[in-house]
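# Report on the structure
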Amino acid sequence: MNYTINRTIAGWGIDDIDARTRQALANHGFGILTEIDVKATMKKKLDVEMSAYRILGACNPKMAHQTIGIEPRVGAMLPCNVILREVEGGVEISAIDPVASMQAIENAELTAVAGEVRDLLAKAVDAI
């Protein structure tokens, strides 16, 4: 099962893709709650080198509020992570598929909202 929505973009650096990703997410109602520079963290903590790898914790406040109202403990699975990483041939963007991540919770109403969030994330990834 695929658990991410993916796209690879050639010809752009990770900083440019980062800016384009943030804008596309904002245009679809998402803000960034958390940011992790995995490359910098691995260098600092383990003194290892790796390709650029960033995790953006994206949140659509309206949808998050709705899901928490349906299932209060769903916050353990939020925000929706979006990964930016350097790969051969460009920068890959991978956004979590909320429907896949919510399968552990048997709640049809929550699954429906997760589908709406997936659609918004897919549109944002396509717009980058």
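In this text, all values refer to a predicted model and were calculated from it rather than measured experimentally. (Residues numbered from 1 in each chain as written. Predicted model: local features only at pLDDT ≥ 70, side-chain atom pairs only at ≥ 80, totals over all residues. Heavy atoms only, no water.)

Attention shifts here to unusual backbone geometry. That bond from Leu-78 to Pro-79 is cis: its omega, 0 degrees, falls within 30 degrees of zero. By secondary structure assignment, the location of Pro-79 is in the loop between α3 (61-70) and β4 (80-87). Even without being a glycine, Asp-47 presents a positive backbone phi close to 55 degrees. With a relative accessible area of 56%, Asp-47 lands in the exposed category. (Helix = DSSP H or I, 4+ residues; strand = E, 2+ residues; numbered from the N terminus. Buried < 20%, exposed > 50% of the residue type's maximum accessible area, 1.4 Å probe, protein only.)

Okay, the environment of Ile-14 next. Assignment of secondary structure puts Ile-14 in helix α1 (residues 14-27). Classification of Ile-14 as buried rests on a relative accessible area of 8%. C-alpha separation for the pair Ile-14 and Arg-54, spaced 40 residues apart in sequence, amounts to 9.0 Å.

What follows is about the nonpolar core. Membership of the largest hydrophobic core comes to 30 residues, with the highest contact counts inside it found for Ile-17, Leu-25, Val-82, Ile-93, Val-117 and Leu-121. The leading source of residues in this core is helix α5 (residues 108-127), at 7 residues. Filtering out sequence-adjacent residues up to four positions away, Val-117 remains in contact with Phe-30, Met-63, Cys-80 and Pro-98. (Core = buried A, V, L, I, M, F, W, Y, C linked by side-chain atoms within 4.5 Å. Contact = heavy atoms within 4.5 Å.)

The next subject is the sheet that holds strand β3 (residues 53-59). Ordered by their spatial adjacency, 5 strands build an open sheet running β1-β5-β4-β3-β2, and the pairing between neighbours is antiparallel. Two strands bound the open sheet, and with one partner strand each, they are β1 (4-9) and β2 (31-37). Strand-to-strand twist in this sheet, taken as the mean axis angle between neighbours without regard to direction, amounts to 20 degrees. Of the pairings in the sheet, the one linking β4 to strand β5 (residues 90-96) comprises 6 bridges and is antiparallel in character. The residue of β5 that forms the bridge with Arg-85 is Glu-92. Here helix α2 (residues 38-46) sits on the sheet and contacts β2 and β3; the angle it forms with β2, its principal contact strand, is near 35 degrees. Seen against the sheet, α5 touches β1, β4 and β5 and runs at an angle of roughly 5 degrees to β1. (Pairing = 2+ DSSP bridges. Axes fitted to C-alpha atoms, helices over the stretch in contact; angles between N-to-C directions.)

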